[in-house]
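Coordinate analysis (summary)
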Amino acid sequence: MANTNFHFKTNYAVSSKIEPFYKGGKLQISKDEKYIFCTCCTRVNVLEISTGKIVHSIEHDDQEDITSFALSCDDEMLVTASRALLLKQWDWREAQCTRSWKAIHTVPIASMTFDCTSTLLATGGCDGTIKLWDVVKQYCTHNLKGSSGVVHLVEFHPDIDRLQLFSSSLDCGIRLWDLHTSQCVCVLQSHYSAVTSLSFGPDGDTMVSSGRDKICTVWDLKSRTAKRTVPVYEAVEGVVILPVKKDLSQIGVQNRDLHFITAGSKGLLRVWEASTARCVYNQALPSTLGPSSEDDKESDDNPRSLTCLFHLPASARLATVTAEHNIVLYQLPDLSTLQQFVGYSDEVLDVKFLGQNDSHIVVATNSCQLKVFELLTNTCQILYGHSDTVLSLDVFKKGFVFASCAKDRSVRVWLMDSDSGHVRCVAYGSSHTNAVGSICCSRLKTSFLVSGSQDCTVKVWDLPADFSAAGTDMHQLAARAAEKAHDKDINSVAVSPNDKLLASGSQDRTAKLWSLAGEATIDLLGAFRGHRRGIWSVCFSPVDQVLATSSADGTAKLWSLQDFSCLKTFEGHDASVLKVIFVSRGTQLLSSGSDGLVKLWTIKTNECVKTLDAHQDKVWGLHASKKDDKMVTGSADSDITVWMDVTEIELAEEQAKQEDQIMKQQELSNLLHEKKYLKALGLAILLDQPHTVLSVIKAIRQTDDSSELLEKTVLKLRVDQKESLLRYCGVWNTNARNCLDAQAVLKVLLTHLPPEELLQYQGARTVLEGLIPYTERHMQRIGRLLQASMFLNYMWQKMRVAGAPSSMGQDEEMDTTPLGYEPVFMIDKERGKGSSDDKRDEDDSGNNEDPNCPVEEEEEEDDEKVSAAKKATTNGNHHSEIEESSEEEDEEDDERDQTTVTPAKCLATSSLPRLSALTS
């Protein structure tokens, strides 16, 4: 039965992003061991270790690359150096630059470090000089010359009383500088290649140096001689002296002699005993490695090779950085892996949801490693197994077993532990003769998988019934069926929801349908022809007998599985459509392309209902979660984006908004009934409904003491509420029916608020300028009404004279005052010139001109003013309030003018001069 609550998807919002934050260069960990500072081109990013999130990003205004940086030992101060030879001091928690100065170096700075007091900063330049800066007093204290070439390493001795600085440059020597005399005391010569790191012993008299010449040297700083040279048989990038007082027997430390740990080109942590120059511990390789990857253990371009090593003494941890910019944290004393962060993923080729409730994603990048991210913390497991770039991924139904294929011509099956989340390789197979470009898992059970290769063949691999039966051993997979399926590379394979059909898409511009019913054969059922270029993706509908394909011709198509005809074509991408999947129970499609866009299509209407633009390059990876409530995309721009379906959220928010509006309207009605006008007015302004606010103003003005109550209510409003009320008055004043209410409010505002305060309101000048022409028009209309009332009074006096006693003379002076009203407007002197006798003469002569006629020419000029002011007055969401045209108002007003005289005292007679003064 169909779910009545089902809705088409209309929009996706970005839920989270995994972006590159470290692309090589210097990396430093804060003293409190909570943050990792690392460079990424023009920025220094601050990674919070506990959450895996970038919490701060520091960038130079000139957008120049940052060549080096240093964090002070008290974690308070960050200093960066850019290629523009500018040093900047930062309050990194606020991302604010507190000071900047020009470096005296003539070329970029290559290395920087603080002393333990956080007052001295040493900078080593590419010009061979070292400069020391007093960051408190803000001046350069030392200029040390003598190094040859780039000074890539500077380190203060941990004992500040010694005032010693160590440096190394291209001559491979370690220079010891006495800062008292600014002289180089000695050059420690032992290495024949670049010195990469220094580590000081707890007594301050022992130092270990490492180099790319595959040796480590133990130095006696008292005699300034080499005590021991330890051959480590790998290029070492980092060395750390291990603490003496801790039990480290699990990593081979059996006595209190000096031991140190190294990280280098082999990608392993190794522990060495200095006195015997013996390796006492070798870190084990991950058990996921298979025979295909053993060859590259000793290679120079090993992706596991380590470039940095840090000791975190407070938490007894070690941190390493790999050549592929992965940061790994280990726990002492057993060197168990705690956390892994991926600094840079390169091009993302495929991505899939994984785990319970889609808690993880597995990512294939332009690398032989797989990366499994936990979405909650962004921590990552790095999976080694393939020996070449992984090209495609797919996940079995339950979400804990997934498969991968790579350029190394192999396929692998991986199992995630449901409790710990640990992933290991459980099976592999390799019988293709070229790169395997696509893989697909069976849909009903974890029983088989299908691979498509650049050797133009499709293979079906049977899986064992239980992976856990073999323990830590890996199953060797064998293909049960193989078929030459296409004439060119196979880019995509897909298995139908019932596991009986197979679809393949190829660079030869065709897609084919195959039967999987045979035991050892794959039978061709038909071909889908119609695309003008190679097919990148094929996908079965979960509910209908249709197949979706996407192609390099920029289109996606739907095909019938019964007669292989094209049912629909979706056009909208500007380049190749790389991926297409079904969502919303097969009623909608998601497609991604080389244009960096993701499009949502409704199949029935053939319409693109949403285009998502979150990537700058090809979107290779596209996958929807099991519950269909979110999707994940991966792009060639290295970004991985998790999207949340906000259709249900939008509907719920809209419904909640409507319910809230109904409740507030009811509350407003209750407040008006209880005559709580201040609260009612505040609530109406909060709703941002000018018509509702106007109704409250009208209710106030209908009371007995309306003027006093209105003044009291308006003046009690907050400043922002008065600002909104002034804006509403500009709208109301354009309508003759509401002008009296607007003028009443304006009178309160203009009388009691100083001009300086009014002009501080947002858009006040525009509103006030728009009020002037309409107010002038309303005054002229009142003037015409006064003139018309005089004519009515004249007629009334004539009627009284006709029925008066004979004693009353014809020449008796007549009262021309309007009935019951005192004139408050000064009528135009030119227009009102002449005595009442002249008026009687005009009327007696039979000249019955309409008294409104002389004003028509002036009205045309007024209309021009009003149309210009109307543009200035209308803004925001109040356009609907000005829909009655001024012409219709004039006609209605003229009709009312013949029968009714509007009390002139209701118009704020002082508004016009005040408005003119405010806007001049």
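Concerning the overall build of the protein chain
From N to C terminus, the protein chain includes 13 helices and 57 strands. Burial analysis of the protein chain (920 residues in total) assigns 52% to the buried set. Sequence-distant contacts in the protein chain: of pairs separated by 6 or more residues, those separated by 24 or more amount to 48%. For the protein chain, the computed accessible surface area is about 42200 Å², with 48% contributed by carbon and sulfur atoms.

Looking at the sheet that holds strand β40 (residues 457-462)
The four strands lie next to each other as β38-β39-β40-β42, forming an open sheet whose pairing is antiparallel. The sheet terminates laterally at β38 (436-441) and β42 (479-484), the two strands that pair on one side only. Each strand axis lies, on average, 15° off the axis of its neighbour in the sheet, ignoring direction. Bridge analysis of strand β39 (residues 448-453) against β40 gives five bridges, and the strand direction is antiparallel. Counterpart to V450 in the pairing with β40 is V460.

Notes on the packing of aromatic side chains
Aromatic rings in a pair are described by how distant their centres are and how their planes are angled relative to each other. Here the structure, examined in full by the defined rule, presents ten aromatic pairs. Centroid distance Y35 to W92: 5.4 Å. Interplanar angle 70°. Geometry classified as edge-to-face. Here Y35 is found in strand β3 (residues 35-40), whereas its partner W92 is found in the loop between β8 (86-91) and β9 (96-102), with 57 residues between them in sequence. Here the two residues Y35 and W92 agree in accessibility, since each one is buried. With a centroid separation of 6.2 Å and 10° between ring planes, the pair formed by F402 and W414 is classed as stacked. Of this pair, F402 sits in strand β35 (residues 401-406) while W414 sits in strand β36 (residues 411-416), placing them twelve residues apart in sequence. The pair formed by F402 and W414 is uniform in burial state, with each residue classed as buried. Here a set of aromatic residues connected by ring pairs shows up, and it is made of Y35, F37 and W92.

Things to note about the confidence of the model for the protein chain
A residue-level look at the protein chain finds 83% of positions with pLDDT of 70 or above and a mean pLDDT of 84. Every residue in residues 806-814 is under pLDDT 50, and counting partners more than four places away or in other chains gives four contacts. Every residue in residues 816-906 scores below 50 in pLDDT, and together they form 88 contacts with partners more than four places removed in sequence or on other chains.

Structural notes on the packing of helix α5 (residues 719-732) against helix α6 (residues 739-752)
Following both chains from N to C, one finds α5 and α6 inclined at 145°, their axes separated by 9 Å at the closest point. Crossing angle aside, the handedness with which α5 passes α6 is left-handed. Judged by residue contacts, L725, L726, C729 and W732 of α5 engage C739, A742, V745, L746 and L749 from α6. Of the residues that constitute the contact of α5 with α6, the class distribution is nine nonpolar, no polar and no charged.

Concerning the nonpolar core
If you look at the biggest cluster of nonpolar residues, it comprises 36 residues, and the most contacted ones within it are V693, L710, L726 and W732. Elements supplying a minimum of two residues to this core: α1 (647-673), α2 (677-686), α3 (690-701), α4 (706-715), α5, α6 and α8 (764-802). Here this core gets seven residues from one element, more than from any other, and that element is α6. Leaving out residues up to four positions away in the same chain, L710 has contacts with I697, I700, R701, A744, V745 and V748. By size, the runner-up hydrophobic cluster in this structure holds 19 residues, among which are L242, L269, V271 and A316.

Quick word on the side chain of S392
Assignment of secondary structure puts S392 in strand β34 (residues 390-395). What makes S392 buried here is its relative accessible area of 7%. Dropping the residues within four chain positions of it, S392 is found in contact with D350, A403, S404, C405, G437, S438 and I439.

Structural notes on the pairing of strand β31 (residues 360-365)
With six of six residues buried, β31 lies mostly within the body of the structure. Residues H360, V362 and A364 line one face of β31 and the alternating positions I361, V363 and T365 line the opposite face, and both faces are buried. The sheet contact formed by strand β30 (residues 348-354) and β31 spans six bridges and is antiparallel. Opposite V348, over in β31, you have T365 as the bridge partner. Looking at chain direction, β31 and strand β32 (residues 370-374) are connected through five bridges and run antiparallel. Paired with V362 across the two strands is V372, which belongs to β32. The hairpin turn running from β31 into β32, its antiparallel successor, is four residues long.

What to know about α6
At 3.6 residues per turn, the α-helix brings residues three or four places apart onto the same side. Here α6 contains 14 residues, and its C-alpha end-to-end distance of 20 Å stays within 8% of the 20 Å for a straight helix at 1.5 Å per residue. Listed as buried for α6 are C739, D741, A742, Q743, A744, V745, L746, V748, L749 and L750.

Observations concerning the pattern of salt bridges
In the structure shown here, the tally under the stated rule is 21 salt bridges. For K352, the salt bridge identified is with D350, shortest N-O distance 3.1 Å. In this structure, D741 and R701 form a salt bridge, with 2.8 Å as the shortest nitrogen-oxygen distance. A residue pair is termed long-range when its members are at least 10 positions apart, and D741 in helix α6 and R701 in helix α3 qualify at 40 residues.

A look at unusual backbone geometry
The amide bond that connects L332 to the next residue, P333, takes the cis arrangement and shows omega of 10°. You can see P333 is positioned in the loop between β28 (326-331) and β29 (336-342). Of note, F564 is a non-glycine position whose phi angle comes to about 60°, a positive value. Along the chain, F564 falls in the loop between β49 (555-560) and β50 (566-571). Judged by its relative accessible area of 22%, F564 falls in the partly exposed class.

Remarks on a negative patch on the surface
On the surface, D704, D705, E708 and E711 cluster together into a patch of negative charge. With respect to the helices and strands, E708 occurs in helix α4.

Concerning the side chain of S147
Assignment of secondary structure puts S147 in the loop between β13 (139-144) and β14 (153-156). Residue classification places S147 among the buried positions, given a relative accessible area of 12%. Every residue in contact with S147, bar those within four places of it in the chain, is listed here: G128, I130, S167, S169, R175 and W177.

Looking at the sheet that holds strand β48 (residues 546-551)
Taken in spatial order, the four strands of this open sheet run β47-β48-β49-β50, and their pairing is antiparallel. Looking along the sheet, the strands with just one partner apiece sit at the ends: β47 (535-540) and β50. The average undirected angle you get between the axes of adjacent strands in this sheet is 20°. Summarising the sheet, β48 and β49 pair through five bridges and their orientation is antiparallel.

Details of the environment of V495
Structurally, V495 can be placed in strand β43 (residues 490-495). Between the alpha carbons of V495 and F540 there is a distance of 7.3 Å; along the sequence they are 45 residues apart.

Quick word on the pairing of strand β15 (residues 164-168)
With five of five residues buried, β15 lies mostly within the body of the structure. Alternating positions in β15 separate into two faces, Q164, F166 and S168 on one and L165 and S167 on the other, with burial throughout. Bridge count between β14 and β15: four bridges; the pairing is antiparallel. Within β15, the position partnered with E155 by the bridge is F166. Two successive antiparallel strands, β15 and strand β16 (residues 174-178), enclose a turn made up of five residues, where C172 displays a positive phi of approximately 70°.

Rules used throughout
Residues numbered from 1 in each chain as written. Predicted model: local features only at pLDDT ≥ 70, side-chain atom pairs only at ≥ 80, totals over all residues. Heavy atoms only, no water. Helix = DSSP H or I, 4+ residues; strand = E, 2+ residues; numbered from the N terminus. Buried < 20%, exposed > 50% of the residue type's maximum accessible area, 1.4 Å probe, protein only. Contact = heavy atoms within 4.5 Å. Areas by Shrake-Rupley, 256 points an atom, 1.4 Å probe, with all protein chains shown as cover. Pairing = 2+ DSSP bridges. Axes fitted to C-alpha atoms, helices over the stretch in contact; angles between N-to-C directions. Phe/Tyr/Trp six-rings, centres within 6.5 Å; stacked < 30°, edge-to-face > 60°. pLDDT = per-residue confidence, 0-100. Left-handed = near helix turned anticlockwise from the far one by under 90°. Nonpolar A, V, L, I, M, F, W, Y, C, P; charged D, E, K, R; others polar. Core = buried A, V, L, I, M, F, W, Y, C linked by side-chain atoms within 4.5 Å. Expected span 1.5 Å × (residues − 1). Salt bridge = Lys/Arg side-chain N within 4 Å of Asp/Glu carboxyl O. Patch = residues over 30% accessible without salt bridge, like charges linked within 9 Å, V, L, I, M, F, W, Y side chains within 5 Å. Lys, Arg positive; Asp, Glu negative; His and termini not counted. Charge placed at Lys NZ, Arg CZ, Asp CG, Glu CD.

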